[in-house]
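Architecture at a glance
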Amino acid sequence: MADKTNAARILDRLRIPYELVEYTVDPDNLAADHVAEELNEPIEHVFKTLVLHGDRNGYLVCVVAGNREVDLKKAAKASGNKKVEMIPMKDLLPLTGYIRGGCTSIGMKKHFPTFISEEALEFPFIYVSAGKRGLQIKLSPQDLLKAADAEAADIATEPA
């Protein structure tokens, strides 16, 4: 079994039940659909963690299903910003402590307002990154809300 990540240790400390699930990483394809395929799970159960920057309130984190995208207008509204944009990839590691394909809303270097797409609540469990490539955490969406100190919000849209 893989070494416990910081996110897994935080879940342990909060006494939140979860399962660590390993998968084969394709460095050329870090997309959620590849992860879902590797896990043999529907894409709507595999959630990706995205970091954005708002014009009023600074950084925020959005967690959306792998088959969806963040709706920038909805994310701005949920976070009290006028507009938000994705951060440049080069800023991800210094800001969060995580790399692309291994970013999770649990245990970032600093806590940012976190919004989990409300459609996550339709499922008994979802998958999110455990904080490193090749490892996912399977847990209930309600437990993710608690662990990430997040709120559920209408922030997702169909891909264009």
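Report on the accompanying structure. Going along each chain's sequence as written, the residues are numbered from 1 onward. Thresholds applied to this predicted model are a pLDDT of at least 70 for local features of residues and 80 or more for the giving and counting of side-chain atom pairs; totals over whole chains, interfaces and linings are not thresholded and use all residues. Values reported for side chains reflect all heavy atoms of the structure, with hydrogen atoms and water molecules removed beforehand.

**Here's the deal with the overall build of the chain**
The way it works is that DSSP assigns letters per residue, a run of H or I at least four long becomes a helix, a run of E at least two long becomes a strand, and they are numbered from the N terminus. Along the backbone of the chain there are five helices and 10 strands. Compactness check: the chain gives a C-alpha radius of gyration of 14 Å against a globular reference of 15 Å for 160 residues, within 12% of the reference. Reported as C-alpha extents along the three principal axes, the dimensions of the chain are approximately 45 × 35 × 30 Å. Think of it in three bands: with a 1.4 Å probe and only protein chains considered, a residue is buried below 20% of the maximum accessible area for its type, exposed above 50%, and partly exposed in between. Per-residue burial over the chain gives 51% buried out of 160 residues. Only heavy atoms matter for contacts: two residues are in contact if any of them lie within 4.5 Å across the pair. Counting only contacts in the chain whose residues sit at least 6 apart along the sequence, the fraction spanning at least 24 positions is 62%. A total accessible area of about 8,200 Å² is found for the chain, and carbon and sulfur atoms account for 49% of it. Here Asp and Glu are counted as negative and Lys and Arg as positive; His is not counted, and neither are the chain ends. Positions of charges follow a simple convention, taking NZ of Lys, CZ of Arg, CG of Asp or CD of Glu. For the chain, the distance from the average site of its 20 positive side-chain charges to the average site of its 24 negative ones is 8 Å. Every radius of gyration here is taken over C-alpha atoms, with the globule rule written as 2.2 Å times N^0.38, N being the number of residues. In this description, accessible areas are obtained by the Shrake-Rupley approach with a 1.4 Å probe, and a residue is regarded as covered only by the protein chains that are shown.

**Let's talk about the sheet that holds strand β8 (residues 135–139)**
Strands pair, by our definition, only if DSSP identifies at least two bridges between them. An order of β1-β8-β7 is seen for the three strands of this open sheet, with the pairing classed as antiparallel. This sheet does not close on itself; its edge strands, each paired only once, are β1 (19–22) and β7 (126–132). Strand-to-strand twist across the sheet, computed as the mean angle between neighbouring axes with direction ignored, equals 35 degrees. Where β1 and β8 come together, four bridges link them in antiparallel fashion. Residue pairing across strands places Val21 opposite Gln136, the latter belonging to β8. To define axes, lines are fitted to C-alpha atoms, for helices over the stretch in contact only, and angles between the resulting N-to-C directions are given on a 0 to 180 degree scale. In the packing of helix α1 (residues 6–13) onto the sheet, the strands contacted are β1, β7 and β8, and the crossing angle to β8 comes to about 25 degrees.

**Here we look at the nonpolar core**
By convention a nonpolar core is built from buried Ala, Val, Leu, Ile, Met, Phe, Trp, Tyr and Cys residues, the set being connected through side-chain atoms within 4.5 Å. Counting residues in hydrophobic clusters, the biggest one holds 33 residues, and the most contacted among them are Val51, Ile106, Val128, Ile137 and Leu144. Contributions of two or more residues to this core are made by α1, β2 (47–54), β3 (58–65), α4 (92–96), β7, β8 and α5 (141–147). The biggest single contributor to this core is α1, with four residues. Once residues lying within four places of it in the same chain are set aside, the contact partners of Val51 are Leu60, Val61, Met86, Ile87, Leu92, Leu95, Thr96, Cys103 and Met108. With 13 residues, the next largest nonpolar core counts Val64, Ala75, Ala76 and Ala153 among its residues.

**Regarding the layout of surface pockets**
Taken as a whole, the largest pocket encloses approximately 480 Å³ of empty space. Looking at the largest pocket, it is lined by 27 residues, and the ones nearest its centre are Lys48, Thr49, Leu50, Arg100 and Gly101. Looking at the lining of the largest pocket, the elements that each hand over two or more residues are α2 (32–39) and β2. Looking at the lining of the largest pocket element by element, the count peaks at five residues for β2. Residue classes follow a fixed rule: Ala, Val, Leu, Ile, Met, Phe, Trp, Tyr, Cys and Pro count as nonpolar, while Asp, Glu, Lys and Arg count as charged, and any other residue, Gly among them, counts as polar. Tallied by class, residues from the lining of the largest pocket come to 17 nonpolar, seven polar and three charged. Lining residues are those with an atom within 4 Å of a point, where the points come from a 1 Å grid over the protein atoms alone and group into cavities, where a 1.4 Å probe fits but cannot get out, or pockets, open sets with protein on both sides within 12 Å along at least five of seven lines. Grid points are joined across faces, edges and corners, and a volume is the space filled by probe spheres set on the points.

**A word on the environment of Leu144**
Within the secondary structure layout, Leu144 lies in helix α5. Of the residues examined, Leu144 reaches a relative accessible area of 0% and is grouped as buried. Sequence separation between Leu144 and Ala78 is 66 residues; the distance between their C-alpha atoms is 18 Å. Ignoring any residue separated from it by four or fewer positions in sequence, one finds Leu144 in contact with Val63, Ser105, Ile106, Ile116, Ile126, Val128, Leu139 and Asp149.

**Let's talk about the packing of aromatic side chains**
Classification of ring pairs uses Phe, Tyr and Trp, with its six-membered ring standing for Trp, and accepts pairs whose centres are within 6.5 Å; under 30 degrees between planes counts as stacked, over 60 as edge-to-face, and the remaining range as tilted. By the definition in use, this model includes two aromatic pairs. Ring centres of Phe125 and Tyr127 lie 5.9 Å apart, and the angle between their planes is 85 degrees; on these two criteria the pair is classed as edge-to-face. Consider the ring centre and the ring normal. A charge sits over the ring if Lys NZ or Arg CZ is within 6 Å of that centre and within 35 degrees of that normal. The lysine or arginine in question, Lys138, covers the ring of Phe125, its NZ or CZ lying 4.1 Å from the ring centre.

**Digging into the pattern of salt bridges**
By definition, a salt bridge exists where a carboxyl oxygen of Asp or Glu is found within 4 Å of a side-chain nitrogen of Lys or Arg. For the structure on display, the rule yields five salt bridges. The salt bridge involving Asp91 is made with Lys90; its shortest N-O contact spans 3.2 Å. For Asp91, a relative accessible area of 23% puts it in the partly exposed group. By sharing partners, the salt bridges in this structure join Arg68, Glu119 and Glu158 into a single network.

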